[in-house]
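Here is how the chains run, residue by residue.
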Amino acid sequence: MGNRLTAILDSLPETGIFVMEKKGTNLLYYNRRIKEVCQETEAGIDCGVVWKAVYGDSLFPDDAETGHKICYNTKFGRSTDVIAHEIMWDADTPAVAVVVIPHKSDYEERQGHEQIEKLYMSSLVTVFDECIIANLTADFYVNCQRDIMWTDIPELGEFDRENKKYSGLTVHPDDIEIFNASFSRDAMIRIFGEGKNRICKRLRRMMGDGVYHMVEFTAARIEQFSDECWCVLVYQDIQDEYMLEQKRNVEISQLATAAEVAYQMLISVNLTRNMYNIMGYEKSDITYAPDTGNFDQLVESGAAAVDSVFREEFLRKYSRKPLLEAFDKGVRNVSMELRRMGDDGQFHWIFIQAVRVDSPYTEDVMEITMIKNIDEERRIQEEYLEKERKAKLILEEALEKAEAANRAKGDFLSKMSHDIRTPMNAIMGMTCLAQHHLNDPDKLSEYLEKIEISSAHLLGLINEVLDMSKIENGKMELTEFKFDLCQLLQDVVLMVQPDIQKRRQKISVEIAKEIHSQVLGDGQRLRQVLVNVLENASKYTQPEGRISISLAELEEAESNMGTYRFVIEDTGIGIKKEFLNHIFEPFSRADDSRISKTAGTGLGLTIVRNVVHMMGGEIQVESEYGKGSRFTITLLFEKKNGGLPAEKKEGQELTDQFCDLKILLVEDNELNQQIAKEMLTILGPEVEVAENGQEALEMILRNPPFYYDLIYMDIQMPVMDGFEAAERIRNSGKERIKELPIIAMTANAFAEDVKKTKISGMNGHLSKPIDMDQLRKSLVQCVYWKRKNLKEDNFYYEEESLEN
Ligand code: ADP
């Protein structure tokens, strides 16, 4: 090759030429550009070295002898055209000449590139509304894609200054601060310097039409482009998505608000990621957990507040693992009721429910935990249960009472049967014996005495049973008359005296001096109470023991009410502690041989306590077994002044006048007729008998006024009963007939019978069996009446009940 040609070929700045053997591998020629690119090049070396420099790592092509290839060449630093051509070297050596020249795109190729660039540009317009490339280090930018609608920034220039201008013009004033914190030149250099490659923020940006839209600004670092910090800045209008999202958020918050009405707390939980977010709650209800955080920790702190009774179940149901397992099995709802400590330091009932929810955005297992305070529901439920329990209890009690009443009835009947048979046996036995000894007056009198005792006992029993029945039916009524307490006490002692004497016991009576003894009350019932307790004191005290009764007035106040205390004490057998609590129960008698030998029903004290309570008083008992007992009765009476009826004082003198009386006895039963007639005759009056009410009425009308001084009227009679007869007599129109005393003499001993006798116009009431004492009293009464009626003087008279 000539020197000139060599110089020409070496002067080509970008074209590399080399020649290699066709059949061997020796390099035959190379120009300067080849040497520049591949410095190892020497004539005669293996041409593969050069080839590698030209073709890079591409394989030596088979058709290298001739042809044209375009390839990227790192050594050349660009795409190159590689053209191979067969030549004859030195006229006899077949060789291949290879020319490597920088590739110049031809027209079609350029057309293709332009097309792609256009596509790129239009696609950028679609994706981004603006695109700026900035060299932050150099503070320089190029605006590659202007906002089509509107933008003021020049095509290129100083980045920091233009960026500030840009943000001032376009970014919403409220978002400027965020923009500067993320997209100012300094901020981006710092953030990229910290290793971040992307900065993304949603801000409001003004659009060409002057309306702010929500856009997403992104600054992305262009990596390893050079040592300088390059980045691309784009934004995307996301107004539509933002509005949709806002709408969805509003809907969610509306749903949450609606749910909050029913639930005090709503927690959204991502079980897969172990995260929770409290959506809504009553602030006062929870202080132990932050609004958002680790779900395991929330369960743990929640469990600490749960009542220990429910804690284990709570953890078993609501810990992450069991919830995941349950949801995995297809359960959609896990709920329970429990008690949890509230902020107020009190336990509250809550209903907790974890509901599995599906999210279109994630595959994670999500649930919403809803918590509701159910204190009120529980209260209502408990109230209902309590009511039911009480109703059941009442029913059970009623059943128990009915059963007890049934048992009591059975006990009562068998007891009565026994208690009645005992004196009846004595009465019948003694009567039988008396009939056999009619000619032996001593024996006869002994039998009659025993018959009298047994009859008295039987009557006492019947009276007690009647009283009990009155008490149980609420029919016992108290009457009020003026009476003298001291007098009554002495009467009581007198009544019990025979028993005391029989037992050779000593009795002391003590009445406090300054006592106001005239009072208003039911003296009859008080007498019954005191006799009963005093009789017991005598009955349950051994012969020659001591008994005492005392009366004192407690308060000497100005008031017209007086509190009186009766104390009855004995040195008798006493009462065991265990029996003391049962002493006032019906039919209760101490389990003691000394008691069973003594006549009694176990009803006396029951009646006593009831009567005392009806009078508004109290009865207490103290006793020491083997030593004696003390009964204390406290009663309140209205104090009265003035004298008492003279009747009692004049009793004896009046009995002498009985012989002047004419009595009409109305009685259908022959035996009763005989008893009453003979008893009355013994007392003195003359007696006429009517068989029934009708006959009595006729006899009254037949005779002049005041012919009879008194009528004893039986109630149950054939033809006309006592009530009707009394009424007809009173309404007969006969002269001064209203002044004729009529006294019922009846076995109807209930309070309503007594009331009825009064309504029908009778003046008093005697219960059968009658005794001489009752008759005597009524006759005394009658003498008063007679005196009053005949002398028409103002003799003081106060009606007194003639009831037993
Ligand atoms: P009763 O005397 O008919 O048995 P009460 O009701 O009067 O019935 O008395 C009930 C029981 O209380 C008696 O059976 C007796 O065991 C006991 N009791 C009552 N008073 C006394 C007393 N003063 N001393 C010892 N025990 C008494």
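Residues numbered from 1 in each chain as written. Predicted model: local features only at pLDDT ≥ 70, side-chain atom pairs only at ≥ 80, totals over all residues. Heavy atoms only, no water.

1. A short note on helix H22 (residues 722-730)
Taken together, the buried positions of H22 are occupied by Gly722, Phe723, Ala725, Ala726, Ile729 and Arg730. Relative to the axis of H22, the buried residues are bounded by an arc of 165 degrees and lie together on one face. The distance from a side-chain oxygen at the start of H22 to the backbone nitrogen of Phe723 is 3.3 Å, and the residue carrying that oxygen is Asp721. (Buried < 20%, exposed > 50% of the residue type's maximum accessible area, 1.4 Å probe, protein only. Helix = DSSP H or I, 4+ residues; strand = E, 2+ residues; numbered from the N terminus. Arc of directions from axis to C-beta. Polar contact = N/O pair within 3.5 Å; in protein donor to acceptor, adjacent residues only side chain to side chain.)

2. Considerations on the packing of aromatic side chains
Under the counting rule described, the total for this entry stands at 11 aromatic pairs. Plain terms: the ring middles of Phe483 and Phe637 are 5.8 Å apart, the flat faces sit at 85 degrees to each other, and that makes the pair edge-to-face. Here Phe483 is found in strand E18 (residues 481-484), whereas its partner Phe637 is found in strand E24 (residues 628-639), with 154 residues between them in sequence. By relative accessible area, Phe483 is classed as buried at 9%. The class of Phe637 is buried, set by a relative accessible area of 4%. Taken together, the aromatic side chains of Phe179, Phe183, Phe217 and Tyr235 make up a single cluster linked through ring pairs. Looking at Arg378, its charged tip hangs above the ring of Trp349, at a distance of 3.6 Å from the centre. (Phe/Tyr/Trp six-rings, centres within 6.5 Å; stacked < 30°, edge-to-face > 60°. Lys NZ or Arg CZ within 6 Å of the ring centre and 35° of its normal.)

3. Brief notes about the site of the ligand
Surrounding the ligand, one finds 22 residues, the nearest of these being Asn536, Tyr540, Arg589, Thr601 and Leu605. Between the ligand and Tyr540, the relevant distance is 2.7 Å, taken from an oxygen atom to a side-chain nitrogen or oxygen of the residue. Between a nitrogen atom of the ligand and a side-chain N or O atom of Asp570, the distance comes to 2.9 Å. Against a free-state accessible area of 530 Å², the protein chains account for coverage of 98% of the ligand. Counting residues per element, the ones that place at least two in the shell around the ligand are helix H15 (523-539), helix H18 (604-614) and E24. The element contributing the most residues to the shell around the ligand is H15, with three residues. (Near = heavy atom within 4 Å. Areas by Shrake-Rupley, 256 points an atom, 1.4 Å probe, with all protein chains shown as cover.)

4. Overview of the pattern of salt bridges
For the structure shown, the criterion picks out 42 salt bridges. Residue Glu544 is joined to Arg504 by a salt bridge in which the shortest nitrogen-to-oxygen separation is 3.2 Å. Taken together, the residues Glu544 in the loop between H15 and strand E21 (546-553) and Arg504 in the loop between helix H14 (485-502) and strand E19 (506-511) connect sequence positions 40 residues apart. Residue classification places Glu544 among the exposed positions, given a relative accessible area of 52%. (Salt bridge = Lys/Arg side-chain N within 4 Å of Asp/Glu carboxyl O.)

5. Quick notes on a nonpolar patch on the surface
On the surface, a nonpolar cluster with roughly 250 Å² of combined accessible area is contributed by Ile420, Met424 and Met428. When you line up the elements, Met424 lands in helix H12 (residues 375-436). Overall, Met424 belongs to the partly exposed group, its relative accessible area being 30%. (Patch = residues over 30% accessible without salt bridge, like charges linked within 9 Å, V, L, I, M, F, W, Y side chains within 5 Å.)

6. Quick notes on the nonpolar core
Grouped together as the largest cluster of nonpolar side chains are 55 residues, with contacts concentrated most on Leu485, Leu526, Leu530, Phe566 and Ile633. Contacts of Leu485, omitting those with residues within four sequence positions, involve His516, Ser517, Val519, Leu526, Leu551, Tyr564, Phe566 and Phe637. (Core = buried A, V, L, I, M, F, W, Y, C linked by side-chain atoms within 4.5 Å. Contact = heavy atoms within 4.5 Å.)

7. Some words on the sheet that holds strand E25 (residues 662-666)
One open sheet holds the five strands; their spatial order is E26-E25-E27-E28-E29, and the pairing between them is parallel. The sheet terminates laterally at strand E26 (686-690) and strand E29 (764-767), the two strands that pair on one side only. Recorded for the sheet is a direction-independent mean angle of 25 degrees between the axes of neighbouring strands. Examined bridge by bridge, E25 and strand E27 (residues 710-713) share four bridges and lie parallel to one another. Of the residues in E27, the one forming a bridge with Leu665 is Tyr712. The strands touched by helix H21 (residues 693-702) within the sheet are E25, E26 and E27, with E26 carrying the most contacts at an inclination of about 125 degrees. Set on the sheet, H22 makes contact with E27 and strand E28 (742-746); between it and E27 the angle comes to about 155 degrees. (Pairing = 2+ DSSP bridges. Axes fitted to C-alpha atoms, helices over the stretch in contact; angles between N-to-C directions.)

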